[in-house]
Amino acid sequence: MAEVNVVLRDALPPHTARLTTRAVQGSLRYGFAIMQAGEAHFDVSRADANVLAHPAYFDHGVMVTLERGDRRFPWAGFVTDIVTSKRSPVAQFTCKDAAGAILPRARGPKGWPSATVSAGQHVERIFADADARGAPPLLVRFREGSGGLQGPAVAYTPEGEPLLRALDTLAKAAGYEWAIEPSVSEAGVTFYLRWAERNI
C-alpha cells in the first residue's frame, strides 16, 4: 500500500505547501464521496519536530492534502477540529473537504426570478454569484474545454439556500450527480466540480 504524506498548506490559493509530516501509524482515515462532503481523520504526535517548530500550521482553517507516494488519488480539505489533551501524546485532527468546509457556508442568490434552463446553467449561475460575493471564496472551479455544464432543462427558483443544498436540489431534478475533486501539483491545489449524468 502506498505511503501517505500529510502536507500542510496555505488556506488561500495557490495553497502553497509549507511542510510535510506523517500521521501516527494506524490513525489515518479518509475517503472520497459523491453527492456529499468527505472527511479525513488522523493523529500527529505532539512531539513531532514539525509541530514544535511550526505550531501555526497545525491550526483550524489550514489546508491539508493527503498525498500518496505514487501521486494517485490525492485528498484535500481544511482542518476543522483539533483535539488535544495533556494526558495524550497525540493531537487528533478532523478535516473536511471543500464540500464540507466551504459549500455549506456559501449561499446562493435570493430574489432572482424563476427560470427554466439546463441544470448545468443554473449551477454555473449560482456559483458565479456566490463566488463574486466571496462569503466565503468558493475556491471551486469548472474544468475548461467542457463547453459548460450540461443537463436537462429544469425550473428553479434560487431562495438563498446553502450552495450544498442547491447543488443537491438541481442534481436530483436533473438526474445528475456531483463531486468536488482536488487537483494537486507543484503549482498548488485547485478544486474542480465534477457534474455528470447519474449512472443507475
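The structure this text deals with has already been given above.
Residues numbered from 1 in each chain as written. Predicted model: local features only at pLDDT ≥ 70, side-chain atom pairs only at ≥ 80, totals over all residues. Heavy atoms only, no water.

Student: Account for the environment of Trp195, naming residues and giving values.
Tutor: By secondary structure assignment, the location of Trp195 is in strand β12 (residues 188-197). Looking at Trp195, the relative accessible area reads 10%, which means it is buried. Measuring from C-alpha to C-alpha, the distance between Trp195 and Asn50 comes to 38 Å, with 145 residues separating the pair along the chain. Apart from residues no more than four positions distant in its own chain, Trp195 is found in contact with Ala119, Gly120, Val123, Leu149, Gln150, Leu167, Leu170, Ala171, Tyr176, Glu177 and Trp178. (Helix = DSSP H or I, 4+ residues; strand = E, 2+ residues; numbered from the N terminus. Buried < 20%, exposed > 50% of the residue type's maximum accessible area, 1.4 Å probe, protein only. Contact = heavy atoms within 4.5 Å.)

Student: How would you sum up the packing of aromatic side chains? Please name residues and give values.
Tutor: The geometry of an aromatic ring pair is captured by two quantities: the separation of the ring centres and the angle between the planes. A full pass over the atoms with the stated rule returns six aromatic pairs. Summarising the aromatic geometry, the rings of Tyr30 and Phe32 are spaced 6.1 Å apart at their centres and angled 75 degrees between planes, so their arrangement reads as edge-to-face. Residue classification places Phe32 among the exposed residues on the basis of a relative accessible area of 53%. Between Phe78 and Phe191 the ring centres are 6.2 Å apart and the planes differ by 40 degrees, which places this aromatic pair in the tilted class. (Phe/Tyr/Trp six-rings, centres within 6.5 Å; stacked < 30°, edge-to-face > 60°.)

Student: Help me get a handle on the nonpolar core, residues and values and all.
Tutor: If you look at soluble globular proteins, the nonpolar side chains tend to sit buried side by side. Within the largest apolar cluster, 35 residues are counted, with the highest numbers of intra-cluster contacts made by Phe127, Trp178, Ile180, Phe191, Leu193 and Trp195. Of all the elements in the fold, those that place two or more residues in this core are β6 (75-83), α2 (98-101), α3 (119-133), β10 (153-156), α4 (163-174), β11 (176-185) and β12. Per-element tally for this core: the top contributor is α4, with seven residues. The next biggest cluster of nonpolar side chains, apart from the first, holds 19 residues, and it includes Val4, Val51, Val64 and Val79. (Core = buried A, V, L, I, M, F, W, Y, C linked by side-chain atoms within 4.5 Å.)

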